[in-house]
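The lines below spell out each chain.
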Amino acid sequence: MKTFEIKDLNLWYGDFHALKDIDMDIRNNKVSAFIGPSGCGKSTFLRVLNRMNDLIDGTKITGQVLFNGQEIYAPESDVVTLRTKVGMVFQKPNPFPMSVYDNVAYGLRVQGIKNKAVLNDTVEDSLKKAALWEEVKDRLSDNALQLSGGQQQRLCIARAIALSPEVILMDEPTSALDPIATGKIEELMESLKKDYTIAIVTLSMQQAARISDYTAFFLLGDLIEMGPTREVFHKPNDKRTEDYITGRFG
Amino acid sequence: MTRKRRIYDGILNALTYLSSGIAVIILVMVLQFVFVRGWSGVNFDLLSKPYWSGNNTIEFPQFKTGAFDRPDHLGDDIAFSEKLGIGLSDGLDAYKEHQVVVEYLDPESPLHHGVVSTAGVDLGKELGLSEGSNIVNLMLKDTDDKIVNVGAQRKSTAEETVAAMDNISEMRKIYFKTEGGGINGSLKATLYLIGLSLVIALPIGIAAAIYLNEYAKANRVTNAMRSSIELLSGVPSIIFGLMGVSVLFPITQLMGIHTVSIILGALTMAVVLLPLIIRQTEESLKVVPIDLRYASLSLGATQTQTIFKVILPSALPGILTATLLSISRIIGESAALIYTMGTFIADRPRLDQGATTLAVQIWSLMSGEQPNFELSSTISIIILLIVLALNVSVKLISYRINKKWSVS
């Protein structure tokens, strides 16, 4: 099953051609990792999937992006609904300056859900799935900014999970965290895979190798190759992939 | 070369030291001037006293002398009448005129039970002498059945007045002035003006800032709007006063107000405050991390929900800062208010009538034939203290903002 099918995708920031003729399938309930040097379009590509690039002035997109067979850039497509189905976790933990509870309940509340019981259940369930419940169950009314960086990032994951999305996009989710917090997030991704499709941008090739099922290698806006992680890392089809993975440039 | 450079550096350094020294000296001079002149007048009574002293003449239909003991706490300079239970002292009013001041009045004193004897609506109303009043003229019949007049008008000292009182057989009339020279009316008017101006200016200013920062496209129209707001904050406030009289006055006329009024002053001040509030709010909206916007939008919130649920609450400390700065501005404003609220010091200010704020009361006190330096300086001290408190609050709030965002 393919959650996303991307065909012939081109993206410009003003005159800058950031993504060139990308064709890619993202499979459901798998972890797909996007690797490549900085500034090569990985994060831009990730933001195509929940239309966060819409927020940047001067962005132009051509091609097809199908989510469950629906074109997400079609005029009748509702970006708000799309974003409830395609959640996102950012590079730097960015909890709202509100309580832990309010952070997780935010997504539901903006959908108009006010039922206390539903909110309570969802908050608890999401925090459990994000492996944070045991640490914060007594601190639900504390300001989220008081949590540690790693806890904040798991809170952001819980916040995304609360909307029961199909896909979770992660943009270098561990780059601002220490190795222990990173380890916890990686474990978490392993368990989330059962319920969600995950796409992750990472600068760490070890991380991509550890956690992903598929790996895509981007270079200067081109998708060089994508395949099962083992194949990409052990016998890449392209010389440039091999050079990057073996550290000959980057 | 080295020597030349050293001399050159020395001159420049000396210049900077000198300049900062001059700035500090000027500040100290201003403070010293105000404090030396006005500090003696600073007390809590000032805040509750009216400005205008009342002129009252009272008679005593049932008059009985008593026998009172001099209370121990009265100072040596206070003369005490044992028959009437009253302590008097010599004093000077704001214009250095002699006064006979009531310092103490026994609770049982017969002087509490007078009635107004001047023709008018108050005729026959009960009114007693009160502490702090100045006895201008006191007419009594002494034990020899002779009419005696004493008081400030007759240049009697407190001693002489008390001596006459202790020789009394019948009290005729007391003409006294209640204590004035307070700032109660101006204080109230200032509070009314602050409240009303903020009620008008804050919602409009915040909404405009949200529009400019969140919705407006970066184009010429927006830029023109921004520059005109910038320009507005540089316009001298007397021009706002003129504008208030000519443009806003018809609006208050529609409300049935045909004179200068606090409402007119508040409308004018709202215009003065708008650029300040818009700029400050916009600044505080700008510093809300973009990550929070992305987080909210990525959770399926609309732009409007993002603004009102995440960005605006995060900008609240900044908006509070804008509010405090606005209050400072209102307290310090005078030119725009002289035209729109008038210069008559009202003891009981009303929204639909003219009144003075503290700053304008200073103007009124100083613009008369006999400038009242003492009270003006005292009011200045009070204004300075309020502004100091506001500035400290602003500092505390900005400190908290920085702390809040540095955690994440």
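Residues numbered from 1 in each chain as written. Chains lettered and ligands numbered in written order. Predicted model: local features only at pLDDT ≥ 70, side-chain atom pairs only at ≥ 80, totals over all residues. Heavy atoms only, no water.

A word on the overall build of chain A
Reasoning step 1: Looking only at helices and strands, chain A features 10 helices and 10 strands.
Reasoning step 2: Relative to the 2.2 N^0.38 estimate, which gives 18 Å for 250 residues, the radius of gyration of chain A is 18 Å and therefore close to what a compact globule would have.
Reasoning step 3: Principal-axis analysis of the C-alpha atoms places the extent of chain A at approximately 55 × 45 × 35 Å.
Reasoning step 4: Out of the 250 residues in chain A, the part that is buried amounts to 54%.
Reasoning step 5: In chain A, of all internal contacts separated by at least 6 residues, the share reaching a separation of at least 24 is 67%. (Helix = DSSP H or I, 4+ residues; strand = E, 2+ residues; numbered from the N terminus. Rg over C-alpha atoms; globule rule 2.2 N^0.38 Å. Buried < 20%, exposed > 50% of the residue type's maximum accessible area, 1.4 Å probe, protein only. Contact = heavy atoms within 4.5 Å.)

Thoughts on the overall build of chain B
Reasoning step 1: Of regular secondary structure, chain B possesses 12 helices and eight strands.
Reasoning step 2: By the compact-globule yardstick of 22 Å for 408 residues, chain B is too spread out, its C-alpha radius of gyration being 30 Å.
Reasoning step 3: Viewed in the frame of its principal axes, chain B has a C-alpha envelope of about 95 × 70 × 40 Å.
Reasoning step 4: In chain B, buried positions account for 44% of the 408 residues.
Reasoning step 5: Residue pairs in contact within chain B that sit at least 24 positions apart in sequence constitute 70% of those at least 6 positions apart.
Reasoning step 6: By element, 61% of the accessible surface of chain B is carried by carbon and sulfur atoms, the whole surface being about 21800 Å².
Reasoning step 7: Across chain B, the centroid of the 33 positively charged side chains sits 18 Å from that of the 35 negatively charged ones. (Areas by Shrake-Rupley, 256 points an atom, 1.4 Å probe, with all protein chains shown as cover. Lys, Arg positive; Asp, Glu negative; His and termini not counted. Charge placed at Lys NZ, Arg CZ, Asp CG, Glu CD.)

Regarding the packing of aromatic side chains
All names here are of chain A.
Reasoning step 1: In this structure the tally under the stated criterion is 12 aromatic pairs over all chains.
Reasoning step 2: Geometrically, the ring pair formed by Phe45 and Phe218 is tilted, given 5.4 Å between the ring centres and 45° between the ring planes. Taken as a pair, Phe45 in helix H1 (residues 42-48) and Phe218 in strand S9 (residues 214-219) lie far apart in primary sequence, 173 residues in all. Grouping residues by exposure puts Phe45 and Phe218 together as buried.
Reasoning step 3: An aromatic cluster is present here, built from Phe34, Phe45 and Phe218 joined pairwise through their rings.
Reasoning step 4: The ring centre of Trp12 lies 4.6 Å from the NZ or CZ of Lys60, which sits over that ring. (Phe/Tyr/Trp six-rings, centres within 6.5 Å; stacked < 30°, edge-to-face > 60°. Lys NZ or Arg CZ within 6 Å of the ring centre and 35° of its normal.)

Focus on the side chain of Thr321 of chain B
Reasoning step 1: Counting through the fold element by element, Thr321 of chain B comes out in helix H9 (residues 303-332).
Reasoning step 2: Not counting residues up to four positions away in its chain, the partners in contact with Thr321 of chain B are Gln280, Val394 and Ile397 of chain B.

Some remarks on unusual backbone geometry
Reasoning step 1: Even without being a glycine, Asn29 of chain A presents a positive backbone phi close to 55°.
Reasoning step 2: The class for Asn29 of chain A is partly exposed, based on a relative accessible area of 30%.
Reasoning step 3: Unlike most non-glycine residues, Lys155 of chain B shows phi in positive territory, near 60°.
Reasoning step 4: When you line up the elements, Lys155 of chain B lands in the loop between strand S7 (147-150) and helix H3 (158-165).

A word on the side chain of Thr161 of chain B
Reasoning step 1: Looking at where Thr161 of chain B falls in the secondary structure, it is placed in helix H3.
Reasoning step 2: Those residues in contact with Thr161 of chain B, other than ones at most four positions away along the chain, are Leu88, Val100, Val150, Gly151 and Ser156 of chain B.

Quick notes on the layout of surface pockets
Reasoning step 1: Taken as a whole, the second largest pocket encloses approximately 770 Å³ of empty space.
Reasoning step 2: Broken down by secondary-structure element, the contributors of at least two residues to the lining of the second largest pocket are helix H4 (184-215), helix H5 (220-232), helix H7 (262-286), helix H8 (290-298) and H9 of chain B. (1 Å grid on protein atoms, 1.4 Å probe; cavity = no way out; pocket = protein on both sides within 12 Å on 5 of 7 lines; lining within 4 Å. Points joined across faces, edges and corners; volume = space filled by probe spheres on them.)

Side note on helix H3 (residues 100-110) of chain A
Reasoning step 1: Burial runs high along H3 of chain A: nine of the 11 residues are buried.
Reasoning step 2: Here H3 of chain A has its buried residues at Val100, Tyr101, Asn103, Val104, Ala105, Tyr106, Gly107, Leu108 and Val110 of chain A.
Reasoning step 3: In the core, the buried residues of H3 of chain A are packed alongside helix H4 (116-129), helix H5 (133-136) and helix H6 (149-161) of chain A together with H8 and H9 of chain B.
Reasoning step 4: Two residues or fewer past H3 of chain A, Gly112 of chain A is found with a positive phi of approximately 95°.

Digging into the interface of chain A and chain B
Reasoning step 1: Taken together, the contact between chain A and chain B spans 24 residues of the former and 20 residues of the latter.
Reasoning step 2: Together chain A and chain B conceal approximately 1900 Å² of surface at their shared face, both sides included; 70% is due to carbon and sulfur atoms.
Reasoning step 3: On the chain A side of the contact with chain B, Tyr106, Val110 and Leu145 of chain A bury the most area, a combined 26% of that side's loss.
Reasoning step 4: The interface formed by chain A and chain B contains zero salt bridges.
Reasoning step 5: Between chain A and chain B we count three residue pairs in polar contact (both at pLDDT 80 or more) in total.
Reasoning step 6: At the level of secondary structure, the elements contributing two or more residues to the side of chain A that touches chain B comprise helix H2 (79-85), strand S6 (86-89), H3 and H6 of chain A.
Reasoning step 7: Across the side of chain A that touches chain B, the residue classes break down as 16 nonpolar, five polar and three charged. (Buried area = accessible area lost by both parts, 1.4 Å probe. Salt bridge = Lys/Arg side-chain N within 4 Å of Asp/Glu carboxyl O. Polar contact = N/O pair within 3.5 Å; in protein donor to acceptor, adjacent residues only side chain to side chain. Nonpolar A, V, L, I, M, F, W, Y, C, P; charged D, E, K, R; others polar.)

A closer look at the domain arrangement of chain B
Reasoning step 1: Per the domain assignment, the segments of chain B are domain 1 (53-177) and domain 2 (184-407).
Reasoning step 2: The C-alpha centroid of domain 2 of chain B is placed 48 Å from the C-alpha centroid of domain 1 of chain B. (Domains from an automatic or database assignment.)

What to know about the pattern of salt bridges
Reasoning step 1: All told, the structure shown has 24 salt bridges over all chains when counted by the stated rule.
Reasoning step 2: Of the charged contacts in the structure, one is a salt bridge between Glu170 of chain B and Arg172 of chain B, with a shortest N-O distance of 3.7 Å.
Reasoning step 3: For Glu170 of chain B, a relative accessible area of 34% puts it in the partly exposed group.
Reasoning step 4: For Arg329 of chain B, the salt bridge identified is with Glu333 of chain B, shortest N-O distance 3.4 Å.
Reasoning step 5: By relative accessible area, which is 4% here, Glu333 of chain B ends up buried.
Reasoning step 6: Taken together, the shared-partner salt bridges in this structure form one network comprising Glu190, Lys193 and Asp213 of chain A.

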